[in-house]
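Here is how the chains run, residue by residue.
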Amino acid sequence: MAEISKIMKYAIIAIIYIIIIFALRIMYKDIKGGAKKKPVIKKTMGLEVIERGDNLNLRVGAVIPLNDQLSIGRKADNLLILGDKYVSSQHAKIYMKNTNYILQDLRSTNGTIMNNKAVKDTVYIKKGDIIKIGTSTFKVIG
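Just so it is clear, the structure is predicted and the values come from calculations on it, not from any experiment. (Residues numbered from 1 in each chain as written. Predicted model: local features only at pLDDT ≥ 70, side-chain atom pairs only at ≥ 80, totals over all residues. Heavy atoms only, no water.)

Some points on the overall build of the protein
Reasoning step 1: What the protein contains, in helices and strands, is 1 helix and 11 strands.
Reasoning step 2: Order of helices (α) and strands (β) in the protein, N terminus to C terminus: α-β-β-β-β-β-β-β-β-β-β-β.
Reasoning step 3: Relative to a compact globule of 142 residues, whose C-alpha radius of gyration would be 14 Å, the protein shows 30 Å and is clearly more extended.
Reasoning step 4: Dimensions of the protein, computed from C-alpha atoms along their principal axes, come out at roughly 100 × 25 × 25 Å.
Reasoning step 5: Within the protein, the proportion of its 142 residues that are buried is 30%.
Reasoning step 6: By sequence separation, contacts in the protein at least 24 residues apart represent 38% of the contacts at least 6 residues apart.
Reasoning step 7: Accessible surface computed for the protein: about 10,300 Å², of which carbon and sulfur atoms make up 59%.
Reasoning step 8: Taking the average place of the 24 positive charges on the side chains of the protein and the average place of its 11 negative ones, the gap between the two points comes to 8 Å. (Helix = DSSP H or I, 4+ residues; strand = E, 2+ residues; numbered from the N terminus. Rg over C-alpha atoms; globule rule 2.2 N^0.38 Å. Buried < 20%, exposed > 50% of the residue type's maximum accessible area, 1.4 Å probe, protein only. Contact = heavy atoms within 4.5 Å. Areas by Shrake-Rupley, 256 points an atom, 1.4 Å probe, with all protein chains shown as cover. Lys, Arg positive; Asp, Glu negative; His and termini not counted. Charge placed at Lys NZ, Arg CZ, Asp CG, Glu CD.)

Dropping the structure here:
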């Protein structure tokens, strides 16, 4: 019986030491910052109004922020409403996919122009691109 008691005493001491070692390792990682994850940086962009055209609700120099999705058209359910006769009711949309923004023409009658080229379906947009919708011109900033 005395031998079993001695073995149990050493086993308990060994378990306590193992717990202390694990606790010290965790604290060391916290101090060194090893468990920190790098923050995800979401790039923010916007559309700067270069020419307002026939749209009286726009102001030259104003910036329209691009969030997850921006619908553009003449209808009131769009986020950017353009009261221009050359703009379709559901003209275009800009949306984010992964970390990139995409401009999509929604089969508009007069089309969407980016960097002096007609947008057929979808194109990636980047800082400095010029987008023309109806009589209005926007520059991508960010």
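Looking at the side chain of Ser88
Reasoning step 1: Among the structural elements, Ser88 can be located in the loop between strand S4 (80–81) and strand S5 (92–97).
Reasoning step 2: The class for Ser88 is buried, based on a relative accessible area of 11%.
Reasoning step 3: Reaching out from Ser88, the side chain makes a polar contact with the backbone nitrogen of Thr109 at a distance of 3.0 Å.
Reasoning step 4: The residues contacting Ser88, other than those within four sequence positions of it, are Gly73, Arg74, Ser108 and Thr109. (Polar contact = N/O pair within 3.5 Å; in protein donor to acceptor, adjacent residues only side chain to side chain.)

Structural notes on the pairing of strand S10 (residues 130–133)
Reasoning step 1: Burial along S10 is one-sided: Ile131 and Ile133 are buried, while Ile130 and Lys132, pointing the other way, are not.
Reasoning step 2: Pairing of strand S7 (residues 112–114) with S10, which is carried by 3 bridges, proceeds in the antiparallel orientation. Of the residues in S10, the one forming a bridge with Thr112 is Ile133.
Reasoning step 3: By the bridge criterion, 4 bridges tie S10 to strand S11 (residues 136–141) in an arrangement that is antiparallel. Its bridge partner lying in S11, Ile133 is registered against Ser136. (Pairing = 2+ DSSP bridges.)

Examining unusual backbone geometry
Reasoning step 1: With a phi close to 60°, Asn98 is a non-glycine residue in the positive phi region.
Reasoning step 2: Among the secondary structure elements, Asn98 is positioned in the loop between S5 and strand S6 (100–105).
Reasoning step 3: On the basis of relative accessibility, which here comes to 72%, the residue Asn98 falls in the exposed class.
Reasoning step 4: One non-glycine residue, Arg107, adopts positive backbone phi at about 55°.
Reasoning step 5: Mapped onto the elements of the fold, Arg107 is located in the loop between S6 and S7.
Reasoning step 6: According to the relative accessible area criterion, Arg107 is exposed, its value standing at 82%.

Focus: the confidence of the model for the protein
Reasoning step 1: The pLDDT averaged across the protein works out to 90; a share of 94% of its residues lies at or above 70.
Reasoning step 2: Ranking the elements of the protein by mean pLDDT puts helix H1 (residues 2–32) last, at 90, and S10 first, at 97. (pLDDT = per-residue confidence, 0-100.)

What about the environment of Ile19?
Reasoning step 1: Along the chain, Ile19 turns up in helix H1.
Reasoning step 2: Separated by 58 residues in sequence, Ile19 and Asp77 place their C-alpha atoms 61 Å apart.

Comments concerning the sheet that holds S6
Reasoning step 1: Read across the open sheet, the 5 strands follow the order S4-S3-S5-S6-S9; overall the sheet is mixed. Here the strands that pair on one side only, and so sit at the sheet edges, are S4 and strand S9 (122–125).
Reasoning step 2: Where strand S3 (residues 69–73) lies against S4, 2 bridges are found, and the strand directions are parallel. The residue of S4 that forms the bridge with Ile72 is Leu80.

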